[in-house]
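Each chain is listed here by its residues.
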Amino acid sequence: MIGAPTNDDEQCLRALARQLREGKLVVKLFLRYLLHAKRYLLQQPQIYSAPIPVNPQPSGDQTVVNNKSGVFSFRLPEGWSQQAITLPMFGDTVAFGSSDHAVQGIIDVFVNSTQAGNFHGVGEFIGAVDAKQLAREPLDGLVSPMTTQILANIRNESVQVIDQPQAHTFGGQNSGQITFTNLGYIAVPHSEKQLLVGVVLSNDTNADKEVMAGILETIHIPSESGGTIPATAVPAASQTVRSSDQRVSLIIPGDWVALDHIADQTILAHGDSAAAQTRLYSAKPGLAPQTAISGNGGLIILYPMSQFDIDPQNPDLSVLMRRALGNLQGYTVEQTAQTLDGKALVAVIVGTERGYLALLPFGDQIVYVTAMGTQASFSANQAMLLDIVKSVHVPAVIAGNGLGGLEATPVATSAGLGGL
Amino acid sequence: MPRIFDNISEQLQTALIQTLHTTQRADFCVGYFNLCGWGLLQSSIDPWQGGVEHQCRLLIGTHHSPQEDIRTLFSLVGKLDNPIDNQQLVRLR
């Protein structure tokens, strides 16, 4: 400590002592020699895949290409060409590229076994490894040997590995391995039953890196159903709901209902018919009849920042999020809080229902938002529920005379979510 | 992708605190430990439950013994830190 100790120093020292006693902090002193290192190693519970820069959904129209047998699908950017090819060792295989010329280039390299690197544009082939060629062992054990084999098969002495093979999760669902070379990517994703090889080459790997990685991210094993790109927006028939006092608005599907008690209780429940009521009951038993959680829906509760000593200029909601997650009864945290559009925080919780719990700062208000499905329905409605969270706005999007109210804020309830 | 913290536009503290909120376990190795530095991170560690898998382990590498401090205080020439060099590293191995 340098200088005269202050009250803050004392608080800090006491907290330090307490953290040492509680086992939250363990300090060791290294005395063998002077070690002036700075290393901050943080371990996260989730397993993140390798930080390869990817563009998961390349812009522009894309066609979902399902191969004949439905083993895999990928998305073909608009204007690209494709052609089914036959390769030894592979079952269904598709060659495609940014031009017919690029497709031919791929065929030259892999079917006709001529030199790589003589084509312009981006070309790729994706093939399902013939099941008969696979030894009877778990597929993840075959990923590395396959990468090595593909590297050896590219008949070009100038092929150089730039990023060594590393584990990667393709499109957030199929695990495997990805290697970046001076000619392009070699990807070996697999499902439980199927091993795929994707090789994407370009004459300008640096410029096309994102495009190439983006296509690899669209690989699905098995095929994406229906051939449509999953909806990321609220379905067209959505409605903007505003509270009667215009303090808050949100966008929900057209057939949902909103139970607005913002003016008197600073709470609003939304959901597909009965679901709204069940959510309202879970937070404010006085406002709705007792019902068990069902359907998709959630809550919006407004709190003034002053209630939690949060600085509106620089709202740090993380402590509050811990508190909100701590207040949960009968829920567990499935995904810890992540930032959403800057300062907001969103976590995924699971209990009798499963979904998003978010804290959003607006001016001097904090909005506590939930958007939940049931255990079974959440994954199907995930994007829609997150869009509802993102659509919440204070004051309501069309400005009213919302000066905010002075009424009492809700107290934490013992039922369900528990609020803040 | 590596992020480079220059503490001008990219602040290490901000990133560190953000990351601390998403984790329950951290291993820090630092040269010096100063209370005001810990004060910045303290509240982010507090919500952790403590114990082996949920704690922050801190290794402090640069220690000045009281004797050294006295020696430095009374020395005529300021004594420089003596960081480890390659030769010493080989010897220690």
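Draft legend 1. Spatial organisation of the overall build of chain A. A count of helical and extended segments in chain A gives eight helices and 20 strands. Split into buried and exposed, the 420 residues of chain A put 38% on the buried side.

Draft legend 2. Structural view of the overall build of chain B. Tallying secondary structure elements over chain B gives four helices and two strands in all. Ordered by position from the N terminus, the helices and strands of chain B form the series α-β-α-β-α-α. In chain B, buried positions account for 12% of the 93 residues. Within chain B, contacts between residues at least 6 apart in sequence are counted, and of these 63% link residues at least 24 apart.

Draft legend 3. Layout of the interface of chain B and chain A. Listed as interface residues are 41 residues of chain B and, on the opposing side, 39 residues of chain A. When residues of the side of chain B that touches chain A are traced back to their parent elements, those giving at least two are α1 (12–20), β1 (25–30), α2 (35–45), β2 (56–60) and α4 (86–92) of chain B. Classifying every residue of the side of chain B that touches chain A by side-chain character gives 19 nonpolar, 17 polar and five charged. Of the pairings in the sheet, the one linking strand β1 (residues 25–29) of chain A to β2 of chain B comprises five bridges and is parallel in character. Counterpart to L29 of chain A in the pairing with β2 of chain B is I60 of chain B.

Draft legend 4. Structural context of the sheet that holds β1 of chain B. Pairing in this open sheet of four strands is mixed, and the strands run β1(A)-β2(B)-β1(B)-β2(A) from one edge to the other. Both outer strands of the open sheet, β1 and β2 (39–43) of chain A, are each paired with one neighbouring strand and no more. Going across the sheet, the axis of each strand differs from the next one's by a mean of 10 degrees, ignoring polarity. Bridge count for β2 of chain A against β1 of chain B is five bridges, and the pairing is antiparallel. When the bridges of β1 of chain B are listed, R39 of chain A appears paired with C29 of chain B.

Draft legend 5. Here's a closer look at the sheet that holds strand β9 (residues 174–181) of chain A. Residue and element names in this part refer to chain A. Pairing within the open sheet is antiparallel, and its seven strands lie in the order β5-β6-β7-β11-β10-β9-β8. One side of each edge strand has no neighbouring strand; the edge strands of this open sheet are β5 (81–85) and β8 (161–170). Direction aside, the axes of adjacent strands within the sheet are offset by 15 degrees on average. Relative to strand β11 (residues 196–202), strand β7 (residues 122–129) is paired through seven bridges, and the arrangement is antiparallel. Paired with E124 across the two strands is V200, which belongs to β11. Strand contacts of helix α4 (residues 205–217): β7, β8, β10 (184–190) and β11, with the helix running at about 155 degrees to β11, the strand carrying the most contacts.

Draft legend 6. Geometry of the packing of helix α1 (residues 7–21) of chain A against α2 of chain B. Interhelical geometry of α1 of chain A versus α2 of chain B gives an angle of 55 degrees and a closest axis separation of 10 Å. Considered as vectors, α1 of chain A and α2 of chain B are oriented oblique to each other. The two elements α1 of chain A and α2 of chain B meet at a crossing, and its hand is left-handed. Contacts from D8, D9, C12, L13, A15, L16 and Q19 of chain A in α1 of chain A reach L35, W38, G39, Q42 and I45 of chain B in α2 of chain B. For the contact of α1 of chain A with α2 of chain B, a count of residues per class yields seven nonpolar, three polar and two charged.

Draft legend 7. Seen up close, the environment of Q44 of chain A. The residue Q44 of chain A is located in the loop between β2 and β3 (62–66) in this model. It is 9.8 Å that separates the C-alpha atoms of Q44 of chain A and T336 of chain A, two residues lying 292 residues apart in sequence.

Draft legend 8. The confidence of the model for chain B, seen in detail. Per-residue confidence for chain B gives a mean pLDDT of 83; residues scoring 70 or more make up 89%. The complex model carries a pTM of 0.37, and its ipTM stands at 0.76.

Draft legend 9. Structural view of the nonpolar core. V248, A358, L359 and V367 of chain A are the most contacted members of the largest nonpolar core, which has 45 residues in total. Those residues within four positions of A358 of chain A in sequence are excluded, and the remaining contacts are L340, A344, L345, V346, V369 and V389 of chain A.

Draft legend 10. Highlighting the packing of α1 of chain B against α2 of chain B. All names here are of chain B. At their nearest, the axes of α1 and α2 sit 9 Å apart, and the two run at 20 degrees to each other. Relative to α2, the element α1 is oriented roughly parallel. In the crossing of α1 with α2, the sense of the turn from one axis to the other is right-handed. On α2, the residues that touch Q13, L16, I17 and L20 of α1 are L40, L41, S44 and I45. Its residues assigned to classes, the contact of α1 with α2 comprises six nonpolar, two polar and no charged.

Draft legend 11. Inspection of the confidence of the model for chain A at higher detail. Residue and element names in this part refer to chain A. On average, residues of chain A score 77 in pLDDT, and 81% of them reach the 70 mark or higher. With pLDDT under 50 throughout, residues 47–59 is counted as low confidence; its partners more than four residues away or in other chains account for 25 contacts. Long-range and interchain partners of residues 399–415, a stretch whose pLDDT sits below 50, account for 30 contacts in this model, where long-range means more than four residues apart.

Draft legend 12. Fine view of unusual backbone geometry. All names here are of chain A. The omega torsion of the bond from V394 to P395 falls at -5 degrees, within 30 degrees of zero and hence cis. Looking at where P395 falls in the secondary structure, it is placed in the segment after α8 (378–391). Unusually for a residue other than glycine, Q246 sits at a positive phi of about 65 degrees. Inspection of the secondary structure puts Q246 in the loop between β12 (238–242) and β13 (249–253). Phi angles above zero are rare outside glycine, and T266 is one such case at about 50 degrees.

Draft legend 13. Molecular detail of the pairing of β7 of chain A. Residues and elements named next belong to chain A. Within β7, eight of the eight residues are buried, which leaves it mostly tucked inside the rest of the structure. Burial along β7 is two-sided: V122, E124, I126 and A128 and G123, F125, G127 and V129, pointing in opposite directions, are all buried. Across six bridges, strand β6 (residues 90–97) lies against β7 in antiparallel orientation. If you follow G97 over to β7, its bridge partner there is G123.

The rules behind the values
- Residues numbered from 1 in each chain as written.
- Chains lettered and ligands numbered in written order.
- Predicted model: local features only at pLDDT ≥ 70, side-chain atom pairs only at ≥ 80, totals over all residues.
- Helix = DSSP H or I, 4+ residues; strand = E, 2+ residues; numbered from the N terminus.
- Buried ≥ 20, exposed ≤ 12 C-beta atoms within 10 Å, placed from the backbone.
- Contact = placed C-beta atoms within 7 Å.
- Nonpolar A, V, L, I, M, F, W, Y, C, P; charged D, E, K, R; others polar.
- Pairing = 2+ DSSP bridges.
- Axes fitted to C-alpha atoms, helices over the stretch in contact; angles between N-to-C directions.
- Parallel < 35°, antiparallel > 145°, perpendicular 65-115°, else oblique.
- Left-handed = near helix turned anticlockwise from the far one by under 90°.
- pLDDT = per-residue confidence, 0-100.
- Core = buried A, V, L, I, M, F, W, Y, C linked by C-beta atoms within 7 Å.

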